[in-house]
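As a plain string of letters, each chain reads:
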Amino acid sequence: MAYESLREWLKALEKAGELKRVTAEVSPLLEMAEVADRAAKSGRGTAWAGGPALLFENVAGYKGARVLMNQFGSARRMRMALEVESLDEIAKKIETLLHPVAPVGVMDKLKMLPMLAEIGGYFPKTVKAKDAPCKEVVLRGGEVDVLKFPVLQTWPEDGGRFITLPCVVTRDAKSGKRNVGMYRMQVYDGQTTGMHWQRQKVAAEHLRERLRAEAGNTAGAVEMMALTAGCTVAAGEHSLPPHVVTKIRGERMEVAVAIGTDPATTFAAIVPAPPEVEEYLIAGFLRQKAVELVRCETVDLEVPAHAEIVLEGYVELGELRTEGPFGDHTGFYTMQDEYPVFHITCITHRKDPIYAATVVGKPPMEDAWMGKAVERIFLPLMRLTLPEIVDVNLPAEGVFHNLMIVSIRKSYAGQARKVMSGIWALGQAMFTKCIVVVDEDCDVQDVAEVTLRVANNIDPERDIQFTMGPVDSLDHASRLPNYGSKMGIDATRKWAAEGFTRVWPTMMTMPDEVKAKAQKIVRDLGLT
Ligand SMILES: Cc1cc2nc3c(=O)[nH]c(=O)nc-3n(C[C@H](O)[C@H](O)[C@H](O)COP(=O)(O)O)c2cc1C
Ligand SMILES: [Mn+2]
């Protein structure tokens, strides 16, 4: 049964022994992050499985408040969150949806009906405000103060407090479709926050769409882009004509933010889905039950009815403010940059809201498990474009955009390089700084095996492919912010068709009967 809310999820975690309550007084400034980091990394060994979820019940300065952290921080909890025994189950389900067997006769068509009916049931439903727990308390005007919630500061040199687990809802002005993305929000004051959607993300495109509509395409595309997100061109340095700036300035794009949603919805907000697919539908698909939505009070958007906290407001077109620094999941601080500003017009919340947060930092941490789930679920989608891919590994230390290891079934010359190009063209995989391609007989999940293959199999000058393209805003080494080089390593066996004329040696293995005999002798010696 799907978890309707964060509370139901919390109950399930406690019942499964996956939750620890923290009764000691802990400050949301640095202390909570350090406790959560230690919990996330606890039990770390060769088979690190992640520590428990934490419910802070004694928050310094916030009497009665509760904060949930590390809810996704273990392999088991990630499976529980998506209600599967193995994440590959979801991948298989997606594969069935993507490759329906073409119906031959009437009977086959009839057989497909239940599947279609099931998909129909995943679309979100809208409920009345009176049935939406997220509206138990409604705050407007002078009552609006986001700092009534224990928003964390996670690292000492951070620019301030940041909302770290928000589901940010925007609408595409053209298609009317909603997007839910997780983009951190720096709290400037009780009514104002930053909106850290990177330029390549869907909400940033929604904003650009509005800018294009307001400014017209003649006004200078570069400047318009600069005014949207994460750009070092300061707001005052653009060359838009003054009348266009005046026009853009009073315009708004509505935004709503849900904090503390059911786990499938929270997870859907980080999934790098195609822009046309609403995350509410993805959440419905993942939990196999429609997400209940409710209309916002002051903006034309819908939010999960069972959310703990909802912030409603707008981003003013063309307004930017310095965001950061922020201790990020690379283990480094991401530096200040200019991002849009979120103005809060209304806050609604449950009577005793549970604030949900995460801390990112040097891996492995909670987001490693979310990333692993994305890795598994996206494998069938990658295979749609690149069917030769056998398996993929995004090691936690590669922080998702720095390192991807793929194994392929190689059938023709140059195929490893074709796969690299394909990955760099595949949605958010565009950010991948380093791609390692190995043959299908190499287990990509075994990083030691991969290291051995790569180091042995490459002639560096021949097998390393460099290219240029967009890079993650978190990359601090690229020559320019958001733009730099990438590297692909072709560690597959080289073929004569690729100009390799020497003999390629085989890897050593023992005959099975020798292995069996040796195994028995070794076991008798007490060795494993
Ligand atoms: C904890 C966490 C924090 C994140 N913070 C940001 C962020 O501040 N800015 C951003 O652009 N992406 C951030 N991401 C990644 C996005 O959520 C992810 O790229 C997502 O697919 C974006 O949704 P979209 O494709 O609908 O734009 C974060 C992910 C996680 C798990
Ligand atoms: Mn999206």
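Definitions and limits used
- Residues numbered from 1 in each chain as written.
- Chains lettered and ligands numbered in written order.
- Predicted model: local features only at pLDDT ≥ 70, side-chain atom pairs only at ≥ 80, totals over all residues.
- Heavy atoms only, no water.
- Phe/Tyr/Trp six-rings, centres within 6.5 Å; stacked < 30°, edge-to-face > 60°.
- Helix = DSSP H or I, 4+ residues; strand = E, 2+ residues; numbered from the N terminus.
- Buried < 20%, exposed > 50% of the residue type's maximum accessible area, 1.4 Å probe, protein only.
- Lys NZ or Arg CZ within 6 Å of the ring centre and 35° of its normal.
- Near = heavy atom within 4 Å.
- Polar contact = N/O pair within 3.5 Å; in protein donor to acceptor, adjacent residues only side chain to side chain.
- Areas by Shrake-Rupley, 256 points an atom, 1.4 Å probe, with all protein chains shown as cover.
- Nonpolar A, V, L, I, M, F, W, Y, C, P; charged D, E, K, R; others polar.
- Donors = N, O, S within 2.8 Å, 3.2 Å for Na, K, Ca; no water.

Q: Help me get a handle on the packing of aromatic side chains, residues and values and all.
A: By the definition in use, this model includes six aromatic pairs. Judged by centre distance (5.8 Å) and plane angle (80°), the ring pair of tyrosine 122 and phenylalanine 285 falls under edge-to-face. Taken together, the positions of tyrosine 122 in the loop between helix H5 (106-120) and strand S4 (125-126) and phenylalanine 285 in helix H10 (residues 279-287) put the pair 163 residues apart, joining distant regions of the chain. The pair tyrosine 122 / phenylalanine 285 is uniform in exposure class, with both members buried. Among the aromatic residues, ring-to-ring pairing joins Tyr3, Trp9 and Phe72 into one connected group. Above the face of the tyrosine 314 ring, arginine 252 is positioned so that its terminal group lies 3.7 Å from the ring centre. The ring centre of tyrosine 188 lies 3.8 Å from the NZ or CZ of arginine 321, which sits over that ring.

Q: Break down the site of ligand 1 for me, with residues and values.
A: Close to ligand 1 lie 19 residues; Asn179, Met182, Tyr183, His196 and Gln428 are nearest. Backbone polar atom of isoleucine 270 to an oxygen atom of ligand 1: 3.0 Å apart, as the coordinates give it. Measuring from an oxygen atom of ligand 1, one finds a side-chain N or O atom of glutamine 428 at 2.7 Å. Here ligand 1 has 640 Å² of accessible area as a free molecule, and 87% of this is covered by the chains. Sort the elements by how many residues they give to the shell around ligand 1 and strand S8 (residues 178-181) lands first, with three residues. Along the lines of polarity and charge, the residues of the shell around ligand 1 split into nine nonpolar, seven polar and three charged.

Q: Lay out the coordination of the manganese ion (ligand 2) with the relevant residues and their values.
A: Protein coordination of the manganese ion (ligand 2) is provided by Asn179 (OD1) and Glu279 (OE), with donor distances spanning 2.0 to 2.1 Å. With a gap of 100 residues between them, asparagine 179 in strand S8 and glutamate 279 in helix H10 connect regions that are remote in the sequence. In this structure, asparagine 179 and glutamate 279 share a single accessibility class: buried.

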